[in-house]
Amino acid sequence: MRATVLVRPRPGILDPQGEAVGDSLRKLGFAVGETRVGRLVELELEAADEEGARSELERMCEELLANTLVESYEVRIESGS
Amino acid sequence: MRRSSPRIAIIVFPGSNDERDAACALRALGAEPRLVWHAERALGDVSAVVLPGGFSYGDYLRAGAIARFSPAMGAVRDFAASGGIVLGICNGFQILCEAGLLPGALRPNASLSFVCRDVSLRVERADTPFTARCRPGQALTIPVKHGEGSFVLEDGAACAEQVVLRYEAGDNPNGAFDDIAAVVNGKGNVMGLMPHPEHAVDTLLGSADGVFILGSLVDAACEREPAPTAA
């Protein structure tokens, strides 16, 4: 099964990387507002079903992939994989 | 009678790079440093633990995120839980936050630049094992060198009492919340700080103010040394 984990800085947490990227886009002439930069983790995992995969992925996020004090996460499982 | 030179463990992770400076500084202050490889499950008979600066496990994912799972960290966690004194410097601070032994988290510097310079600090608490040689309000000059030192707290008010050092107003090098440079845990036996006291123990290197911190640690470790068995 293939899955994607999106990790984002929580609202209100300073994201200097997002600010720098937003500034650069505006300098290039794009009409861009607030810009936030997170992290994307693509992985393959063994799981009997989607429900099992989801709970496994959530454990991965809580234990390692995200620091939930400052980051939120979202799990996406590729359907049909 | 206490041993005159307390044994202090310095945990060495792959990617640590300040363990020798820490050992050198602690030895100069009368301690007996012992380098402990991260794969060790026991710290041995020590009276304090230092987590040194560096880039443990490449700091992949987030600074300190992977190091906290190393075998030695299990021993550090037990040592802290039993009241043992633990000091995390820079990357060590990041590891202690990731491990949940200290509140908060360290995010990339607001400037996005790696900062390497002396900073002016103010002692907020002199009643910890890490600052007993200081007086409240004392000014210290100690260098920082980091890219992820912007301290963030979920609930600043709840942790106000745990702030030990602040950057002087206008000298915050990383955008840390409330100018926080060092915090202790609730019990006061675990501290993390972004500045590097081990790089400031000799005026030849610009400042010897790091001695106030590491000297306090050595004093506290001395007090915790077990009485020697009859020999």
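Calculation rules
Residues numbered from 1 in each chain as written. Chains lettered and ligands numbered in written order. Predicted model: local features only at pLDDT ≥ 70, side-chain atom pairs only at ≥ 80, totals over all residues. Helix = DSSP H or I, 4+ residues; strand = E, 2+ residues; numbered from the N terminus. Rg over C-alpha atoms; globule rule 2.2 N^0.38 Å. Buried ≥ 20, exposed ≤ 12 C-beta atoms within 10 Å, placed from the backbone. Contact = placed C-beta atoms within 7 Å. Pairing = 2+ DSSP bridges. Axes fitted to C-alpha atoms, helices over the stretch in contact; angles between N-to-C directions. Nonpolar A, V, L, I, M, F, W, Y, C, P; charged D, E, K, R; others polar. pLDDT = per-residue confidence, 0-100.

Q: Explanation requested: the overall build of chain A in the structure shown.
A: The helix and strand tally for chain A stands at two helices and three strands. Taken over C-alpha atoms, the radius of gyration comes to 16 Å for chain A, far larger than the 12 Å a tight globule of 81 residues would show. Seen along its three principal axes, the alpha-carbon backbone of chain A occupies a region of about 50 × 30 × 15 Å. Per-residue burial for chain A yields a buried fraction of 14% across its 81 residues. Look at the contacts in chain A between residues 6 or more apart in sequence, and 65% of them connect residues 24 or more apart.

Q: Looking at this structure, how should I read the sheet that holds strand β3 (residues 71-77) of chain A?
A: In sheet architecture, strand pairing relies on hydrogen bonds along the backbone and comes in two forms, parallel and antiparallel. All names here are of chain A. The strand order across the open sheet formed by three strands is β2-β1-β3, and the pairing between neighbours is antiparallel. Of all strands in the sheet, those with a lone pairing partner are β2 (39-44) and β3, marking the two edges. Geometrically, the sheet is characterised by an average inter-axis angle of 20 degrees between neighbouring strands, direction not taken into account. Pairing analysis gives six bridges linking strand β1 (residues 2-9) to β2, with the strands arranged antiparallel.

Q: Explanation requested: the interface of chain A and chain B in the structure shown.
A: You'll often see interface size given as the accessible area lost when the parts meet. Taken together, the contact pairs nine residues of chain A with twelve residues of chain B. Looking at the side of chain A that touches chain B element by element, the count peaks at three residues for helix α1 (residues 16-27) of chain A. Across the side of chain A that touches chain B, the residue classes break down as seven nonpolar, two polar and no charged.

Q: In this structure, what is going on with the sheet that holds strand β2 (residues 32-37) of chain B? I would like to understand it.
A: All names here are of chain B. Spatially, the nine strands line up as an open sheet ordered β2-β1-β3-β4-β11-β10-β9-β6-β7, and their pairing is mixed. The open sheet terminates on both sides in strands that have one partner only, identified here as β2 and β7 (139-146). Neighbour to neighbour, the strand axes of the sheet diverge by 25 degrees on average, direction disregarded. Two elements, strand β10 (residues 180-184) and strand β11 (residues 190-193), share three bridges in a ladder whose sense is antiparallel. Bridging from a neighbouring strand, Ala-182 pairs with Leu-193 of β11. This element, helix α1 (residues 19-28), spans β1 (7-12), β2 and β3 (48-51) of the sheet and lies at about 160 degrees to β2. Against the sheet, helix α4 (residues 210-224) contacts β1, β3, β4 (85-89) and β7, and its axis sits at roughly 155 degrees relative to β4.

Q: Just to check I follow, could you spell out the environment of Ser113(B) for this structure?
A: Mapped onto the secondary structure, Ser113(B) falls in the loop between β5 (105-107) and β6 (115-123). Between the C-alpha atom of Ser113(B) and that of Asn174(B), which follows or precedes it by 61 residues, the distance is 8.7 Å.

Q: Explain the confidence of the model for chain B to me, please; I cannot follow it from the model alone.
A: It should be kept in mind that the predicted coordinates are not to be read in detail where pLDDT is low. Across chain B, the average pLDDT comes to 94, with 96% of residues at or above 70. Scored by ipTM, the complex comes to 0.85, with pTM at 0.93.

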